[in-house]
Amino acid sequence: MNYIKKEVAVRNVSFGKNVTVVEPANIYGCTIGDDCFIGPFVEIQKDVTIGNNCRIQSHAFICELVTIGNDCFISHGAMFINYLFKNGKLSGGDKTMWNNTVIGNNVIIGTNATILPVKITDNVVIGAGSVVTKDINEPGIYAGNPIKKIRNI
Amino acid sequence: MNYIKKEVAVRNVSFGKNVTVVEPANIYGCTIGDDCFIGPFVEIQKDVTIGNNCRIQSHAFICELVTIGNDCFISHGAMFINYLFKNGKLSGGDKTMWNNTVIGNNVIIGTNATILPVKITDNVVIGAGSVVTKDINEPGIYAGNPIKKIRNI
Amino acid sequence: MNYIKKEVAVRNVSFGKNVTVVEPANIYGCTIGDDCFIGPFVEIQKDVTIGNNCRIQSHAFICELVTIGNDCFISHGAMFINYLFKNGKLSGGDKTMWNNTVIGNNVIIGTNATILPVKITDNVVIGAGSVVTKDINEPGIYAGNPIKKIRNI
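Thresholds, definitions, all that
- Residues numbered from 1 in each chain as written.
- Chains lettered and ligands numbered in written order.
- Predicted model: local features only at pLDDT ≥ 70, side-chain atom pairs only at ≥ 80, totals over all residues.
- Contact = placed C-beta atoms within 7 Å.
- Helix = DSSP H or I, 4+ residues; strand = E, 2+ residues; numbered from the N terminus.
- Nonpolar A, V, L, I, M, F, W, Y, C, P; charged D, E, K, R; others polar.
- Pairing = 2+ DSSP bridges.
- Buried ≥ 20, exposed ≤ 12 C-beta atoms within 10 Å, placed from the backbone.

Caption draft 1: A look at the interface of chain C and chain A. Tallying the contact residues gives 26 residues for chain C and 26 residues for chain A. Per-element tally for the side of chain C that touches chain A: the top contributor is strand 4 (residues 20–23) of chain C, with 4 residues. For the side of chain C that touches chain A, the class distribution of residues is 14 nonpolar, 11 polar and 1 charged. Taken together, the 4 bridges between strand 1 (residues 4–7) of chain A and strand 4 of chain C define a ladder with parallel strand orientation. Across the sheet, the residue bridging to K6 of chain A is V22 of chain C, located in strand 4 of chain C.

Caption draft 2: Region of interest: the interface of chain C and chain B. Chain C puts 26 residues into the contact, and the matching count from chain B is 26 residues. Counting residues per element, the side of chain C that touches chain B draws most heavily on strand 1 (residues 4–7) of chain C, which supplies 4 residues. Taken together, the residues that form the side of chain C that touches chain B break down as 13 nonpolar, 9 polar and 4 charged.

Caption draft 3: Region of interest: the environment of K17 of chain C. Residues and elements named next belong to chain C. Tracing the backbone through its elements, the reader meets K17 in the loop between strand 3 (14–15) and strand 4. Given 11 C-beta atoms within a 10 Å radius, K17 is considered exposed. Along the backbone, K17 and G93 are 76 residues apart, and their C-alpha atoms lie at a distance of 33 Å. Those residues within four positions of K17 in sequence are excluded, and the remaining contacts are D34 and D35.

Rendered as structure tokens:
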């Protein structure tokens, strides 16, 4: 049994003040603002930026090319995507094929939700188990697969 | 790189007889009955009560205010919710805004399913990937987002 | 507080050449081909076979009775199932009640997707958050809960 063993770590992260991380977590090369909480079993990849006063809950996955504003809540098992396999092929690490995601301020991403590469404006709630396939430009509560607006806040 | 480091643990848990936990797991302040199995990468929060002969599979998340009966199977990646962000705001830890969930006996919660704060009666199967948004009062097999009854057992 | 403590491990695995595993991971009794990458917080159960040049991303769960071809990408939080609880009962470990899954070559399983026991042919993309409930015999891009074909590749 011979394999290349790596281990999760919190490394090369620019932390603001008063950030808590529950380990094990795999968090590297990213920027995280003040007063954030990051639960266990989380992965946050390089070049991610997260604002102040955010909670990233257990089992969340935040990939490269994601930017998150202030006062956001990324719930348990919520996951982001930066490559859509539109031609059915792996990108082979060619990042020119990847797309970015920008999340505004005061955005709630529900439990087990999945976020394709989109823009989400401020003051939005994404319901649990939703799949967000397009930009969200109006505040409100959205849910479903694919997402629909349910109501204003 | 300066942050407040915490680590997952199994702590302050009231265990019945013959309970197995595969670690790492983050399980605290809860009550777990006899003959239960808890897989790896699981989080179970405080004040949760789980009956006898239950299996809580890998990657599951069980939040505060959830009660689970006997002979239940909480499958991989299944997750519970106790706060719905109905006004688009974080609760700020104000638990008077949270809601509870009660799961009966012999309930199967499928893989990657998400359970909002509801009551689920005995002898129910929730299909994989489902989102349960309302109470389930009749035994049967349910699936979808949102959930629909598929058939009787 | 008295319980039977186990710990995740990489054990009894037949690895090909140049396989990387990011730990903690729970991987046992399976066969993994050359040039594979396995992210953190992954569980792969016994008797699983994975081909060459595959990526198994963080938080994925691959159960017994799953076979995966070459050049596949199992994205973050994607999970497999081998027992459907059709009669509303636990199998009690009776594997004659379980079903197998066969994934072809060059198959992408999207983030947070859930795969029931099915056959998926070569050159298929399963969208994020999808639930695959039946066999897929034609190449193409599929998404939804339950899955529908979206288009050819």
